[in-house]
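# Summary of the model geometry
Here are the chains, one letter per residue:
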Amino acid sequence: MSNSKFTRRGMLKTGAVAGAGVALPTIFTASSVAAYTNEPTGGSVTLGFNVPQTGPYADEGADELRAYQLAVEHLNGEGDGGMLNTFSSKELQGNGIMGKKVEFVTGDTQTKSDAARASAKSMIEKDGAVMITGGSSSGVAIAVQGLCQEAGVIFMAGLTHSNDTTGKDKKANGFRHFFNGYMSAAALAPVLKNLYGTDRNAYHLTADYTWGWTQEESIAAATEAMGWNTVNKVRTPLASTDFSSYIAPVLNSGADVLVLNHYGGNMVNSLTNAVQFGLREKIVNGKQFEIVVPLYSRLMAKGAGANVKGIHGSTNWHWSLQDDASKAFVKSFGTKYGFPPSQAAHTVYCQTLLYADAATRAGTFNPCGIGEALEGFEFDGLGNGKTLYRAGDHQCFKDVLVVRGKENPTSEFDLLEVVEVTPAAQVTYPIDHPMFAGGALGTCNAG
Amino acid sequence: MDAILLQVLNGLDKGSAYALIALGLTLIFGTLGVVNFAHGALFMIGAFCAVTVQRILNLSYETVDESQTDFLGNALVVKTPYVEAWFGAETGGAIIDWAVPLAILFAIPIMVFVGYAMERGLIKHFYKRPHADQILVTFGLAIVLQEMIKYFYGANPIQTPAPEALSGIVNLGAIIGMDIVYPVWRIVYFFFSLLVIGGIFSFLRFTTFGMVVRAGMADRETVGLLGINIDKRFTIMFGIAAAVAGLAGVMYTPINSPNYHMGMDFLVLSFVVVVVGGMGSLPGAVLAGFLLGILESFASMNEIKSIIPGIDQIIIYVVAIIILLVRPRGLMGRKGVMEE
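Predicted, not measured: the structure shown is a model, and the values here were computed from it.

## Regarding the nonpolar core
Membership of the largest hydrophobic core comes to 224 residues, with the highest contact counts inside it found for Leu258 and Leu353 of chain A together with Leu23 and Val244 of chain B. Structurally, this core is a two-domain feature, drawing no fewer than three residues from each of domain 1 (44-179 + 319-394) and domain 2 (182-315) of chain A. Apart from residues no more than four positions distant in its own chain, Val244 of chain B is found in contact with Leu20, Leu23, Gly24, Val196 and Ile200 of chain B.

## Examining the sheet that holds strand S14 (residues 387-389) of chain A
All names here are of chain A. The strand order S13-S14-S15 describes an open sheet built from 3 strands, whose pairing is antiparallel. With partners counted over all chains shown, the strands left at the sheet margins are strand S13 (377-379) and strand S15 (396-397), one partner each. As judged from the 3 bridges shared by S13 and S14, these two strands associate in the antiparallel manner. Looking at the pairing, Phe379 lines up with Thr387 of S14.

## Points about the sheet that holds strand S11 (residues 290-295) of chain A
All names here are of chain A. Strands sit in the order S7-S6-S8-S11-S12-S16-S17 across an open sheet of 7 strands; the sheet is mixed. For this open sheet the edge positions go to strand S7 (229-236) and strand S17 (416-422), each flanked by a neighbour on one side alone. Ignoring which end each strand starts from, the neighbouring axes of this sheet average 20° apart. Where strand S8 (residues 257-261) meets S11, 3 bridges bridge the pair, whose relative direction is parallel.

## Comments concerning the domain arrangement of chain A
All names here are of chain A. Here chain A is described as being made up of domain 1 (44-179 + 319-394) and domain 2 (182-315). Computed from C-alpha atoms alone, the centre-to-centre distance between domain 1 and domain 2 is 30 Å. Every contact between the two is made by 15 residues of domain 1 and, on the other side, 16 residues of domain 2. Of all the secondary structure elements, the ones that give two or more residues to the side of domain 1 that touches domain 2 are helix H3 (58-75) and helix H5 (138-151). For the side of domain 1 that touches domain 2, the class distribution of residues is 4 nonpolar, 7 polar and 4 charged.

## Re the environment of Gln343 of chain A
All names here are of chain A. Along the chain, Gln343 turns up in helix H12 (residues 343-362). Classification of Gln343 as buried rests on a count of 26 C-beta atoms within 10 Å. With 280 residues separating them in the primary sequence, Gln343 and Asp63 have C-alpha atoms 9.3 Å apart. For Gln343, the residues in contact, after removing those within four places along its chain, are Ser297, Thr315, Asn316, Trp317 and His318.

Definitions and cut-offs
- Residues numbered from 1 in each chain as written.
- Chains lettered and ligands numbered in written order.
- Predicted model: local features only at pLDDT ≥ 70, side-chain atom pairs only at ≥ 80, totals over all residues.
- Core = buried A, V, L, I, M, F, W, Y, C linked by C-beta atoms within 7 Å.
- Buried ≥ 20, exposed ≤ 12 C-beta atoms within 10 Å, placed from the backbone.
- Domains from an automatic or database assignment.
- Contact = placed C-beta atoms within 7 Å.
- Pairing = 2+ DSSP bridges.
- Helix = DSSP H or I, 4+ residues; strand = E, 2+ residues; numbered from the N terminus.
- Axes fitted to C-alpha atoms, helices over the stretch in contact; angles between N-to-C directions.
- Nonpolar A, V, L, I, M, F, W, Y, C, P; charged D, E, K, R; others polar.

What follows is the structure in structure tokens.
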């Protein structure tokens, strides 16, 4: 007879527990030792910049990286300080974040969700990044935001314009400075009403993915509310290059406005095709035919060249703004790189400063502490006027710019002109707005 | 009716690009037996020949205008193209305006050289290797070429407009009392493609060189036994095929602003065109190019999409499956090509 307390059932249980422990990703085991994921212990803190370095948005990604590097310089007390000098919060002293030197690692999203998640995961697990930021696509931003929520790090979104990012896919660990489709629509609609009247027939061509759908919904709702009729909403494959077969039906549709819910290469090609087919010279229903590009990007406008002239759209920020903060940022960026920053560069620069400031105010790198510091935070001096990081959905509410393709550009950068600065109050929506329904912010995860 | 005719025109226009690329692919496959996945990259390089010519013609000297400032508040640096300085603003401006058509002259020797170098430097080492190896190496080459272009020209599309005189619209239906407006440059592209296709067919049909090439395509061994260096001629044909793809790319630039990825966008479709047309069949490639272009355009019509949602994204592949089921060798494929 044996006195051993080992039993078959006990061994199985022990084995299962041990196996589960071994199988746990390092991302979770690491946090069991530290107070939170990647708690900085040395004299530096590492940020992860996850941007498209290859693929169709590589130029925007490159501009984002430039701005990130500039922000890191300024945080570490190098350079002229940029918008640190104009930021309403005076917590940041140019000594890194809470005395820890800011270092960074970069990842390549390739504008693909799986690649973006893989590079973010690598930066968190291998490089010890305490925060992930970046992106030039809503699909990518939503995917990485979900990963950061699981991993227990803060995600400071870059260029993502879909309502879903802070709507049905919002996460407690995710924060967005950039504006969204609803805000574009709310800013554009009154301008379009003044320019083109209330009796218009709009035809939508829409990129067939999350961003396109939410922007189409937003613009259609806003224009219909002011009396426009939506003739048709046509989804176009994201991989489309020649839009002629989608433009041709517009000619005989009775529409007198074409709304291009396209971005990037899609926008360049669809706008070029629309202009080629003479839409802008066309008179329909006794009115001049008009084209609207709700989301403009200077980098993309360059690809469309003269075709953007006179065409209205919206943008998060533009280098020609004359407030002190914008001028400081343009000077800092322009002196270092030789050309003005894009809106993508601006938003990621702001996000980096906002993260550093929140950590300093919270006195911790714990994502839950930083989240609390960002929630409901009101600030100014970052180029968009007074801004609120709303606690309920982690969306920034600030002024939105309505812009127009410039008729007589004086340089290769001088492609858009600001027509109107729409005040934040006009683009603010209730937190339970139907376009942002579904999903919950959830609770903060510190890892 | 107007809408249908418009889609026919769109289809012919799309088909022009498909046909030109597929023609080059078929020439290479028919002569050298190589499945060239780098052919889309040749189309892209052709497009960037136009971008390069545009940039060369816009090379400028700089003067400082103290009366204006740049975005940093410094005195504005004004750039004046050398061409305008040498030939006067009007003539110089006209030369710059015609950059795309002028790029044809630049692209032909460049593309022939690129094709020749590609064949001699890499592809000839894979003649006796399986098609899978050829696909892998040429696909890899395509990625290398597009990354090189991205390194030098960036990832964003670059605007390369048509000459002003050819960039408007024309009402093709005016004669028959209909309203069918169509961009002039797209009509130019269609006729240009017909010209190139006609030129290639005439070259193969009416010249001794072409006759030998056709004989070599039919029976390479026998032609070799006659003492003719068929390999050399096939290498030249590779260069010509590269030039055809390049010219298609040059003239395509005003239709869609070129970017480094444009070759890949056309590559898969062009292979489908070749297979549907019949491997190794030049008339088949041209016929299938125009046919699939028209079908793709019709599938994009709202009336069709309302019946079968998403048909615009799959029509070419659906038709390819049907044709290959009914005619396994494609529309005009010959027995023995790509068959054991």
